[in-house]
Amino acid sequence: MTTGNARPREATGTLEAAIAHTRLLLARDPALALAQTEEILRVVREDSAALLLRGQALAALGRAREAVTALRRAAERDRGSAGVWRALADQLVLTGDGAAADAAYARAIRASVHVPVLIEAAEALVDNRLAVAERLLKPHLKAHPTDVAAIRMLAELAGRIGRNADAEALLRRAIELAPSFAPARFNLATLLYRTNQLPAALEQLRRLAAEEPGNAAYRNLAAAALAQLGDTAEAIDHFEAVLGAHPDYTRIRLSYGHALKTVGRQGDSVAAYRRCIADAPGFGEAWWSLANLKTVRLGDDDVAAMTAALALPTLSPEDRLHLHFALGKAEEDAGRVEAAFGHYATANRLRLELVPYDPAETCERVDRTIALFTGPFLAARVSQGCPAPDPIFVLGMPRAGSTLIEQILASHPRVEGTQELPDIQMMAQRLGLDAPYPACLATLNAAALRALGEEYLDRARAHRKTDRPFFVDKMPNNWLHIGLIQLILPNARIVDARRHPIACGFSNFKQHFARGQAFAYDLGHMGRYYADYVRLMAHFDAVLPGRIHRVFHEALVADTESEVRRLLAALGLPFDPACLRFHETERPVRTASSEQVRRPISRSGIDAWRAFAPWLEPLRTALGPVVAEYPHP
């Protein structure tokens, strides 16, 4: 085989030699390697090694979707090849198909082991028979404590059942025993990212990149971690490097668009989303991302293109629901409210099918919280926890104005804005693994409560870029954890961002959230959730009088200076006129309101829900007396 054309050289005489020669070409000339694999496959159409090479060459050229197709064919031909399954999983990660990637990684684990008991355990993992896998793995590891393949499999099992600390310890043990075990190290980096240990994730990714600097999966995860940390400029550099080498990675281009939006480069963000749509007209999330800029209007040509995309036979459920959300926004902007509500209703129905929600669970959780956090219970622990006053928790319902409040506070010279930090929720989830939450909090002594407060501050420190004494954590869902916050950080400030219940409910209904807001996809569920939120806040107002400062969105819009002065006074901060010029403050903003808070306050969205009133009766009914009791009509 020569390097000057695509035909296998006659003199080599064997398929193995042709494949070996092509493999050598792959690193320095993937286009030529691809051409030669095409020639090989004309002779041996379904050879798995040639298909693997074809997939790798396509991946190196940035043609991710074609790479996935080739690698799936290779996996069908050689289901026992760990290399094929790993290559397929890597490409699935980059195309955004996380579920399929997890399945392929499980297959790679299965293919990489040859001890009968591990083969059986791996098959159980592939089939999600976790109890069987655990029953096989634990005795094997007791007898063979340094078997890194078994350690990695047990880590996979621990991660699936939410035992993230156990999974992390196992993966660290695996790479301690085998520092060059790249799959385990990448698993560890991914786990650290998912558990918000972002600096630690980046440390592992840097070690991986040192060995394989061109690996797009490593750079993509590094970019995502950097973006979460607020190092958006560096994240953008990573995204641009990956896209420069792999322009076909549409999923990564979407993340690139998100990063551009975060730093206020709206024009470039729009261009990135438009490029995604040009490459994949049915890419619903790209359409929704464009619509979700809020300040961008989609025109009639866009409506026609999205309607045509809905007819595509290969459209996934995720693409379909995103398209309906985007069409709803486009029709609402055009004043066609009936058509808009129809799309919103369809989008929410499709989303609820994927993320079922039981409102009774939230109601019961609020009941348990009220029962635990009585006045005497709190009084007995008043001097416990970490005394640091640094955090300002801005919480409440999503779409209630929390991003605006954070932007106002972040304009003050003594306050730093971070973002929606997941750490309080992660702590609650971890505490609830061994005993019901929040009842388990009653078992914690003063030292444990202080340690939790210090842990939160340590985790938050990774997101801080200044030495300002206070910082904002604006995770709305932390309203469910005010009791935990009070126990571990008794001197933290708490601000409740509240908005008219119907306006807030409808704003949530027409918003697609990446994760965590399953209550928002049904008007009745939405109303019950809001009512439970009001009920729990009223309880803490009673047992911790004056502890929570409430900002009504309508009042903030109507008389901004007075409300800002009240807010700052409640937080013990002097008034600063920069807080009234919040739209001039340059900082990364990741939420759906990112473009809105870069403009002066406007009343334009206050009454937007009224045009949809004929369809909102289920929301009003579920809210009950909360509507009449709201102080701003």
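Peer 1: Which parts of the structure should I look at to understand the overall build of the protein chain?
Peer 2: Looking only at helices and strands, the protein chain features 32 helices and five strands. Over its C-alpha atoms the protein chain spans a radius of gyration of 27 Å, differing by no more than 12% from the 26 Å that the globule rule assigns to 633 residues. If one aligns the C-alpha atoms of the protein chain with their principal axes, the spans along those axes are about 85 × 65 × 45 Å. The 633 residues of the protein chain split such that 55% are buried. Across the protein chain, the fraction of contacts at a sequence separation of at least 24, relative to all contacts at a separation of at least 6, is 68%. Surface summary for the protein chain: the accessible area is close to 26400 Å², and the carbon and sulfur share equals 53%.

Peer 1: In this structure, what is going on with the nonpolar core? I would like to understand it.
Peer 2: Generally speaking, soluble globular proteins have nonpolar side chains that are buried together. Counting residues in hydrophobic clusters, the biggest one holds 99 residues, and the most contacted among them are Met397, Leu441, Tyr456, Trp479, Ile488 and Tyr530. It is helix α28 (residues 523–543) that contributes the most residues to this core, nine residues altogether. Those residues in contact with Ile488 that lie beyond four places of it in its chain are Gly385, Cys386, Ile424, Met427, Leu449, Leu452 and Gly453.

Peer 1: Can you walk me through unusual backbone geometry in this structure?
Peer 2: A negative phi angle is the norm for most residues apart from glycine, just as the trans form is the norm for most peptide bonds. Tyr437 connects to Pro438 through a cis peptide bond whose omega is 10°. Among the structural elements, Pro438 can be located in the loop between α24 (423–431) and α25 (446–461). Positive phi is not limited to glycine here, since Asn196 has a value of about 65°. Secondary-structure assignment places Asn196 in the loop between α11 (182–194) and α12 (198–211). Residue classification places Asn196 among the buried residues on the basis of a relative accessible area of 9%. The residue Arg399 is not glycine, and still its phi comes out positive at about 65°.

Peer 1: I keep staring at the layout of surface pockets and nothing clicks. Help me out?
Peer 2: Take a probe with the size of a water molecule and roll it over the atoms, and the empty space left behind shows itself. In this structure, the second largest pocket occupies an estimated 640 Å³ of space. Lining the second largest pocket are 25 residues, and of these Gln56, Ala59, Glu212, Gly214 and Asn215 lie nearest its centre. Taken together, the residues that form the lining of the second largest pocket break down as 15 nonpolar, seven polar and three charged.

Peer 1: Looking at this model, I keep getting lost on the side chain of Thr560. Mind explaining?
Peer 2: Locating Thr560 in the fold gives a position in helix α30 (residues 560–570). A distance of 2.8 Å separates a polar side-chain atom of Thr560 from the backbone oxygen of Leu556. Apart from the residues lying within four places of it in its own chain, the contact partners of Thr560 are Ala555, Leu580 and Ile601.

Peer 1: What is the right way to look at α30 in this model?
Peer 2: Residue pairs three or four apart in sequence face the same way in an α-helix, which turns once every 3.6 residues. Those residues of α30 not exposed but buried are Thr560, Glu563, Val564, Leu567 and Leu568. The arc enclosing the buried residues of α30, seen along the axis, measures out at 135°, which places them on a common side. Where α30 is buried, its residues meet α23 (402–410), β4 (493–498), β5 (548–552) and α29 (553–558). Downstream of α30 by one or two residues, Gly572 has phi in the positive range, about 75°.

Peer 1: What's the story with the pattern of salt bridges in this structure? I'm lost.
Peer 2: Where side chains of opposite charge bring their charged atoms close, a pairing between them can arise. Following the criterion strictly, the structure yields 37 salt bridges and no others. Asp231 is the partner of Lys465 in a salt bridge, and the nearest nitrogen-oxygen pair spans 3.0 Å. One end of the pair, Lys465, is in the loop between α25 and β3 (470–473); the other, Asp231, is in the loop between α13 (216–229) and α14 (232–245), and 234 residues separate them in sequence. The class of Lys465 is partly exposed, set by a relative accessible area of 44%.

Peer 1: Which parts of the structure should I look at to understand the packing of aromatic side chains?
Peer 2: The description of two aromatic rings rests on the distance between their centres and on the angle between their planes. Scanning the model with the defined rule gives 17 aromatic pairs in all. Note on Tyr344 and Phe506: the rings are 6.1 Å apart at their centroids and 80° apart in plane angle, and the pair reads as edge-to-face. Of this pair, Tyr344 sits in helix α20 (residues 337–354) while Phe506 sits in helix α27 (residues 501–509), and the two are 162 residues apart along the sequence. Each ring, one from Tyr456 and one from Phe471, has its centre 6.3 Å from the other, and the planes form 20°; the classification is stacked.

Peer 1: Hey, could you run me through the side chain of Glu563 in this one?
Peer 2: Its place among the elements puts Glu563 in helix α30. Glu563 gets classed as buried once you look at its relative accessible area, which sits at 14%. Discounting chain neighbours no more than four positions away, the residues touching Glu563 are Ala555 and Leu556.

Peer 1: When you look at α11 in this model, what are you seeing that I'm missing?
Peer 2: Taking 1.5 Å of rise per residue, the 13 residues of α11 would be expected to cover 18 Å, and the 18 Å separating its terminal C-alpha atoms lies within 8% of that figure. Extensive coverage of α11 is indicated by the burial of 10 of its 13 residues. Of the positions making up α11, those classed as buried are Pro183, Ala184, Arg185, Phe186, Asn187, Leu188, Ala189, Thr190, Leu191 and Leu192. Downstream of α11 by a residue or two, Asn196 has a phi angle that is positive, lying close to 65°.

About the cut-offs
One numbering rule holds for all chains: residues counted from 1, following each sequence as written. With pLDDT at 70 or above as the cut-off, local features in this predicted model cover only qualifying residues; side-chain atom pairs require 80 or more to be listed or tallied, and sums for whole chains, interfaces and linings still use all residues. Side-chain numbers come from the whole structure's heavy atoms, not from hydrogens or water. Helix and strand assignments come from DSSP, with helices taken as H or I runs of at least 4 residues and strands as E runs of at least 2, each series counted from the N terminus. Based on C-alpha atoms, the radius of gyration is set beside the globule rule, defined as 2.2 Å times the residue count to the power 0.38. Any residue under 20% of the maximum accessible area for its type is buried, any over 50% is exposed, and the rest in between are partly exposed; the area is computed with a 1.4 Å probe on protein chains only. Throughout, a residue-residue contact means that at least one pair of heavy atoms, one from each residue, lies within 4.5 Å. Each accessible area value is a Shrake-Rupley result obtained with a 1.4 Å probe; residue values ignore everything except the protein chains displayed when judging cover. The term nonpolar core refers to a set of buried residues drawn from Ala, Val, Leu, Ile, Met, Phe, Trp, Tyr and Cys, joined through side-chain atoms within 4.5 Å. With a 1 Å grid laid over protein atoms only, a set of points is called a cavity when a 1.4 Å probe fits there but cannot get out and a pocket when it is open yet has protein on both sides within 12 Å along at least five of seven lines; lining residues have an atom within 4 Å of a point. Grid points are joined across faces, edges and corners, and a volume is the space filled by probe spheres set on the points. Here the nonpolar group is Ala, Val, Leu, Ile, Met, Phe, Trp, Tyr, Cys and Pro; Asp, Glu, Lys and Arg are the charged ones; every other residue, Gly included, is treated as polar. Throughout this description, a polar contact denotes any pair of N or O atoms lying within 3.5 Å of each other; where both atoms belong to protein, one of them has to be capable of donating a hydrogen while the other can accept it, and for residues adjacent in sequence the pair is counted only when both atoms sit in side chains. Taking the helix axis as origin, the arc is that swept by the directions to the C-beta atoms. Criterion for a salt bridge: a side-chain nitrogen of Lys or Arg within 4 Å of a carboxyl oxygen of Asp or Glu. Two rings belonging to Phe, Tyr or Trp (six-membered ring only in the last case) form a pair when the distance between their centres is within 6.5 Å. Interplanar angles under 30 degrees mark stacking, angles over 60 mark edge-to-face geometry, and anything in between is tilted. Expected helix span is taken as 1.5 Å per residue step, with the number of steps being one fewer than the number of residues.

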